Amino acid sequence: METQNELSRKDFIRQAGIMGAIAMMWPSGLTAGGEAAQKIRVGVIGCGSVSTQYLPHLSKSPFVTLVSTCDIVEQRAKDAAAKYGIPNYYPSIEKMLAGADFDLLVNLTNMQEHGRLNKIGLEKGKNVWSEKPMANTYQEGTALLALAQKKQLRIWGAPAVILSPQFAFMSKAIQEKKLGKVAAAHAHYGHQGPTWSAFFYEKLGGSMPDLAVYNMATLTGLLGPVKSIVSMLNIITPTRKVDNRNAPIKVEAEDNSMVLMEHTSGALSHVQSGFNYFDPYGHEGSGQDKPTISIWGTTGNMQLIGYDWAPTGVDMATEGNEKTKRFATDTGSFVWQQGASYISETMANGVDPVITTLHSLHVLEIIEAARKSQETGTRIALKSTFKWPLL
């Protein structure tokens, strides 16, 4: 029988291995004095809700110099610049790109604007980190990648869920065949819907690019590329009242989605998302202590506790250890809003990030294919792929 000390040593070794993997994903190029050897100059466009999460993280990064903010509501850009001591602010991307120079454009605008603004940034010689999705169609996304390559630039897209220690633990367990051959997986994410802007409900908005995108990135990251999908999408709440419109708006994009994915490995996975879910944890997800992702294999099963963008642990049971046990309870420094800071650090160190453009494009194609499946009532084959495993 193992003693408590022996169990503690095993837990320590296991946790050290996970955190070591995370350390490799997040290279530290600090000097002995704690300063970055090089700083990446960053310009942030979009000073709404998401910026209130990104800007604090970027402002604390030793690898970032915040150069400018930009927003079509100029006062928001001015206020954000004042709050974080940023020297420049602009009312348009054109004025921003003609102003103080910077290296990385961080795009936090409405999702319908991502493709257009990312293209303008690339054309003006800027690397780009884009909130999800990086474009509104797979074709637009591949064109952005081609433009970046032509300009010898880089473009990356959120989410950053693959950076968590919990993702690393799950990926390692799958690759080491702890679950045997993976057969199936399920993921879900939903709440009652954002209220601060209409764009979530307008054409090319919807619950998939806002919510399901996290689970799609996680499941494809864990189980590999998808070769075909079948979906059902609909609208449960046809009108919504939002903060930036005087009258109720008509909902044009899906607010309820079910997507079934066939991975090239043979595993089948399912993602459900929507803006009609009563959830006591709300949009912020604070306090979620139940599984949101479950994976089943021939010799084991595994559940992610909490959301993949705010995980708190992984439960696993296997043939060798049938009693479910919780692992990977240390989240380290992971937060969902760290993507641009992480990219800045990899740029400063001249290393390739584990977040890849091809993976983001694959998830984008899944979203587009899901809409086509709903429209046609058929299974849709995917064209894209990415290098897997990611870690």
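For the structure, see preceding data.
On a predicted model such as this, the values are computed, not experimentally measured, just so you know.

Helix and strand counts for the protein chain come out as 10 helices and 17 strands. A compact globule built from 391 residues should have a C-alpha radius of gyration of about 21 Å, and the protein chain, at 21 Å, falls within 12% of that. Put simply, the protein chain has 391 residues, and 54% of those count as buried. Excluding contacts between residues fewer than 6 apart, the proportion of contacts in the protein chain whose partners are at least 24 apart in sequence is 69%. For the protein chain, the accessible area works out to roughly 17,500 Å², and carbon and sulfur atoms hold 54% of it. Of the charged side chains in the protein chain, 37 are positive and 35 negative, and the gap between their average positions amounts to 3 Å.

A word on unusual backbone geometry. In this chain, lysine 132 is followed by proline 133 through a cis amide linkage whose omega measures -10°. Topologically, proline 133 is positioned in the loop between β5 (127-130) and α6 (138-150). In this model, alanine 158 is joined to proline 159 through a cis peptide bond whose omega is 10°. Tracing the backbone shows proline 159 in the loop between β6 (155-157) and α7 (165-175). The phi angle at leucine 204 is positive, at roughly 75°, despite the residue not being glycine. Relative to the elements of secondary structure, leucine 204 occurs in the loop between β7 (182-190) and α8 (207-223). For alanine 328, which is not glycine, the phi dihedral falls at a positive 50°. Relative to the assigned elements, alanine 328 resides in the loop between β16 (325-327) and α9 (339-349). For alanine 328, a relative accessible area of 1% puts it in the buried group.

Right, let's get into the pattern of salt bridges. For the structure shown, the criterion picks out 16 salt bridges. A salt bridge links lysine 126 to aspartate 101, with the nearest nitrogen and oxygen atoms 2.5 Å apart. Pair noted here: lysine 126 is in the loop between α5 (114-123) and β5 and aspartate 101 is in the loop between α4 (93-98) and β4 (104-107), with a separation of 25 residues, a long-range link. Here lysine 126 falls in the buried class, since its relative accessible area comes to 6%. By relative accessible area, which is 43% here, aspartate 101 ends up partly exposed. For the salt bridge of glutamate 176 with lysine 172, the shortest nitrogen-to-oxygen distance reads 2.7 Å.

Right, let's talk about the packing of aromatic side chains for a bit. Summed over all chains, the structure comprises 9 aromatic pairs. For the ring pair tyrosine 189 and tyrosine 214, a centre distance of 5.9 Å and an interplane angle of 75° mean the geometry is edge-to-face. Residue tyrosine 189 is found in strand β7, and its partner tyrosine 214 is found in helix α8; the two are separated by 25 residues along the sequence. With respect to burial, tyrosine 189 and tyrosine 214 carry one shared label: buried. We classify tyrosine 189 as buried; its relative accessible area is 4%.

About the thresholds
- Residues numbered from 1 in each chain as written.
- Predicted model: local features only at pLDDT ≥ 70, side-chain atom pairs only at ≥ 80, totals over all residues.
- Heavy atoms only, no water.
- Helix = DSSP H or I, 4+ residues; strand = E, 2+ residues; numbered from the N terminus.
- Rg over C-alpha atoms; globule rule 2.2 N^0.38 Å.
- Buried < 20%, exposed > 50% of the residue type's maximum accessible area, 1.4 Å probe, protein only.
- Contact = heavy atoms within 4.5 Å.
- Areas by Shrake-Rupley, 256 points an atom, 1.4 Å probe, with all protein chains shown as cover.
- Lys, Arg positive; Asp, Glu negative; His and termini not counted.
- Charge placed at Lys NZ, Arg CZ, Asp CG, Glu CD.
- Salt bridge = Lys/Arg side-chain N within 4 Å of Asp/Glu carboxyl O.
- Phe/Tyr/Trp six-rings, centres within 6.5 Å; stacked < 30°, edge-to-face > 60°.

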